[in-house]
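Each chain, letter by letter, is given below.
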Amino acid sequence: MIGRARAQAHPNLALVKYWGNRDDSLRLPANASVSINLDGLLTTTEVEWHGEDGTTDSLHLNGALQSGEALARVVRHLNALRERLHVRGRAVVHSENNFPTGTGIASSASAFAALTSAFCAAVGVAVDERTQTTLARLGSGSAARSIPSGFVEWHAGDTHEESFAESIAAPDHWDLVDVIAIVSTQHKAVGSSVGHPSAQTSPFQAARVQTAPARLVECIGALMTRDFAALAEVVERDSTLMHAVMMTSRPPLFYWLPPTLAIMAAVREWRADGLRVCTTLDAGANVHCVCVSADAEEVRNRLAVQSGVVAVRSAPIGGATHVQPLTTISD
Ligand code: DP6
């Protein structure tokens, strides 16, 4: 039996961050988080499933056959999917990003969201959206947030089934834009999967986690009322808290570079001048400048002037995962 399906997913940007797990193998997060899907940035993944035909999976990324850790991580996820969906067989996976992998823009969220959706469709098992988010989470925590549409909340949950993501507002709820200042094109020296387990070595993680539910409420409230000033305050505070944990973990994780700080400082000034823009950073040096679409062009221009080394790409926020089954299961 052969089944084939294609799925697409966007990366997402967390406004209240996920950092640290209560259970590393199940990726049950230390705290709930909220994010927005990034339209324009897209991972497209096709899964060809050969039922009952061995277990040697293969992975092609942007046309190149993968081995080593990239393949091993995907095989671990396919094993989890096979086990939870009670299917046997091997998968041939082709995945492509429409954004260059060398930009430093994280792709594990869109990668594992698209892989999970495509796999479920290829093996022909009907899996509802909530369950798909829990399955995607096993591959990469933030992938859970790339399954639902638009503005998304990922509930921390105490069990695999309870740790799911859901849409809290449609993509067109608020016309926000993420202008990404590309400070470094380097792959992260220390990736998130290695970073999460170290979070608890920081004395600040307990305080960050304890206060995260209040930030989540503030953030969702600001999103629902489209209150940019309130959103900016909580988004920057949450990002800084996560980086404070990173910097004080053992071993410490420092992602900020001198241009990162310069842009963060400049954006605070621009906001004081009246531009509706704020910053947030993931596990890397690039600065996500979240702004209202009316101010996005001005933010782009100012970033270009502010630093010659900064290349900027803009992504209007919205979108979801679309699944296109290509072939029905055949003998
Ligand atoms: C800093 O989801 O990339 O971007 O589960 O190990 O794949 P893994 O980690 P990942 O962690 C994302 C961390 C973050 C914050 C966030 O997106 O919430």
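Since we're looking at a predicted model, the values are computed, not measured. (Residues numbered from 1 in each chain as written. Predicted model: local features only at pLDDT ≥ 70, side-chain atom pairs only at ≥ 80, totals over all residues. Heavy atoms only, no water.)

Undergrad: Which residues make up helix α7 (residues 258–273), and what values go with them?
TA: Compared with the 22 Å implied by 1.5 Å per residue over 16 residues, the 23 Å span of α7 between its first and last C-alpha is a close match. Taken residue by residue, α7 has Thr260, Ile263, Met264, Ala266, Val267 and Trp270 as its buried positions. Against the buried residues of α7 lie β12 (176–182), α6 (228–247), β13 (277–280), β14 (287–292) and α8 (293–306). Where α7 ends, the next residue or the one after it, Gly274, has phi of about 120°, a positive value. (Helix = DSSP H or I, 4+ residues; strand = E, 2+ residues; numbered from the N terminus. Expected span 1.5 Å × (residues − 1). Buried < 20%, exposed > 50% of the residue type's maximum accessible area, 1.4 Å probe, protein only. Contact = heavy atoms within 4.5 Å.)

Undergrad: So what's going on with the sheet that holds strand β5 (residues 33–37)? Which residues, and what values?
TA: Taken in spatial order, the four strands make up an open sheet running β2-β5-β10-β11, and their pairing is antiparallel. A single partner strand is all that each edge strand has here, and the edge strands are β2 (12–16) and β11 (165–169). Ignoring which end each strand starts from, the neighbouring axes of this sheet average 35° apart. Judged from the four bridges that link them, β2 and β5 form a sheet pairing that is antiparallel. Looking across to β5, one finds that Val16 is bridged to Val34. (Pairing = 2+ DSSP bridges. Axes fitted to C-alpha atoms, helices over the stretch in contact; angles between N-to-C directions.)

Undergrad: Talk me through the packing of helix α2 (residues 108–123) against helix α3 (residues 129–139); I want residue IDs and the actual numbers.
TA: Here α2 crosses α3 at 125°, and the two axes come no closer than 9 Å. Classed by the angle they form, the pair α2 and α3 counts as oblique. For the pair α2 and α3, the crossing hand works out as right-handed. Mapping the contact onto sequence places Phe112, Ala113, Thr116, Ser117 and Cys120 in α2 and Gln132, Leu135, Ala136 and Gly139 in α3. Class assignment for the residues of the contact of α2 with α3 results in five nonpolar, four polar and no charged. (Parallel < 35°, antiparallel > 145°, perpendicular 65-115°, else oblique. Left-handed = near helix turned anticlockwise from the far one by under 90°. Nonpolar A, V, L, I, M, F, W, Y, C, P; charged D, E, K, R; others polar.)

Undergrad: I'd like a description of the site of the ligand, backed by residues and values.
TA: The environment of the ligand is formed by 17 residues, the closest being Ser140, Gly141, Ser142, Arg145 and Ser193. Here an oxygen atom of the ligand sits 2.7 Å away from a polar atom, N or O, in the main chain of Gly141. Ser192 has a polar side-chain atom sitting 3.4 Å from an oxygen atom of the ligand. A total of 460 Å² of accessible area belongs to the ligand in isolation, and the protein chains cover 94% of it. A class-by-class count of the residues in the shell around the ligand yields five nonpolar, seven polar and five charged. (Near = heavy atom within 4 Å. Polar contact = N/O pair within 3.5 Å; in protein donor to acceptor, adjacent residues only side chain to side chain. Areas by Shrake-Rupley, 256 points an atom, 1.4 Å probe, with all protein chains shown as cover.)

Undergrad: Let's hear about the confidence of the model for the protein chain: which residues, and what values?
TA: Confidence in the prediction for the protein chain averages 90 pLDDT; 89% of positions are at 70 or higher. This model gives residues 327–331 a pLDDT under 50, and the stretch forms 12 contacts once residues within four places in sequence are excluded. (pLDDT = per-residue confidence, 0-100.)

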